[in-house]
Amino acid sequence: MTTQTAVMHGRGKRLWPALAIVASFVATAILLRLEGRLWMCSCETVQVWAGMVCSSDNSQHFLDPYSFTHVLHGFLFFWLIAWLAPRLNRSPSHAGNFGNWQLALALAVESLWEVFENTNFIIDRYRSETAALGYNGDTVVNSFGDILCCLVGFTIARRLGLRRSLIVFVVLELVLIVWIRDSLLLEILMLIFPIDSIKAFQMCR
């Protein structure tokens, strides 16, 4: 194999994970639209940041306080992939390529969650068992923001490693609980095993 052929072969290997990531975004947009989700807020404006949790803007714009829970998704996916798919964790000869496949897999899982999260089943679950009484699902723009936040979280966790990323995860969870009275772990708990006292604590006042 000539040097030029080897370079082209290497570029081709790096291209496939990137194409997989693009495909995840495209598939997510299509499936969310089929579920009836709007491209953007019905207010017909797109804000980069909507900071009020107890408002109709929540989950409708590009980023909001819950975007930080999707950063934590990235942490979780990094840990799970490193544990469940160790071959993707490192490779002496193709470390960069395998790292790209790690990221592509994490974003594919996040995209699947975005689609599932916006099914009527999960939306009704949020509305009935959590404090998100007025939740009507995410816009496509907001889901894209969530997926990109997952990418940020995954990248941070990969750079920090397990021990330091675990510390950051715990700190961010605590910040979210103080800030918006919610967090990733509380979201999971309330979806699976809702607790009335936590729901009362989270209610908008």
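Residues numbered from 1 in each chain as written. Predicted model: local features only at pLDDT ≥ 70, side-chain atom pairs only at ≥ 80, totals over all residues. Heavy atoms only, no water.

Draft legend 1. Structural detail: the state of the cysteines. Summed over the entire model, instances satisfying the criterion amount to two disulfides. One disulfide bridge connects Cys41 with Cys43, the sulfur atoms lying 2.5 Å from each other. Sign of the S-S torsion, about 135 degrees for the bond between Cys41 and Cys43, identifies this disulfide as right-handed. We classify Cys43 as partly exposed; its relative accessible area is 38%. Sequence-ordered numbering of the bonded cysteines in the protein gives a pairing of 1-2, 3-4. (Disulfide = S-S within 2.5 Å. Buried < 20%, exposed > 50% of the residue type's maximum accessible area, 1.4 Å probe, protein only.)

Draft legend 2. Up close: helix α4 (residues 120-129). Within α4 the residues assigned to the buried category are Ile122, Ile123 and Tyr126. Considered in projection along α4, the buried side chains sweep an arc of 105 degrees and stay on one side of the axis. Those residues of α4 that are exposed and aimed more than 90 degrees away from the buried face are Asn120 and Phe121. (Helix = DSSP H or I, 4+ residues; strand = E, 2+ residues; numbered from the N terminus. Arc of directions from axis to C-beta.)

Draft legend 3. Up close: the packing of aromatic side chains. By the definition in use, this model includes ten aromatic pairs. Relative to Phe68, the ring of Trp49 has its centre 6.4 Å away and its plane inclined at 70 degrees; by these criteria the two rings are edge-to-face. Separated by 19 residues along the polypeptide, Trp49 in the loop between α1 (3-34) and α2 (67-84) and Phe68 in helix α2 bring together distant segments of the chain. You can call Phe68 partly exposed: its relative accessible area is 32%. Among the aromatic residues, those joined into a cluster by ring pairs are Trp49, Phe68 and Trp179. (Phe/Tyr/Trp six-rings, centres within 6.5 Å; stacked < 30°, edge-to-face > 60°.)

Draft legend 4. Expanded view of the confidence of the model for the protein. In the predicted model, the protein carries a mean pLDDT of 89, and the fraction of residues at 70 or more is 88%. Element-level pLDDT for the protein is lowest in α1, with a mean of 81, against a maximum mean of 97 in helix α5 (residues 140-180). Note that pLDDT drops below 50 for residues 91-95; the model gives that stretch two contacts with residues more than four away or on any other chain. (pLDDT = per-residue confidence, 0-100. Contact = heavy atoms within 4.5 Å.)

Draft legend 5. Molecular detail of unusual backbone geometry. Unusually for a residue other than glycine, Glu44 sits at a positive phi of about 65 degrees. As for its position among the elements, Glu44 is in the loop between α1 and α2. Judged by relative accessible area, Glu44 falls into the exposed class, the value being 67%. With a phi angle near 70 degrees, Ser59 is a residue other than glycine that sits in the positive phi range. By secondary structure assignment, the location of Ser59 is in the loop between α1 and α2.

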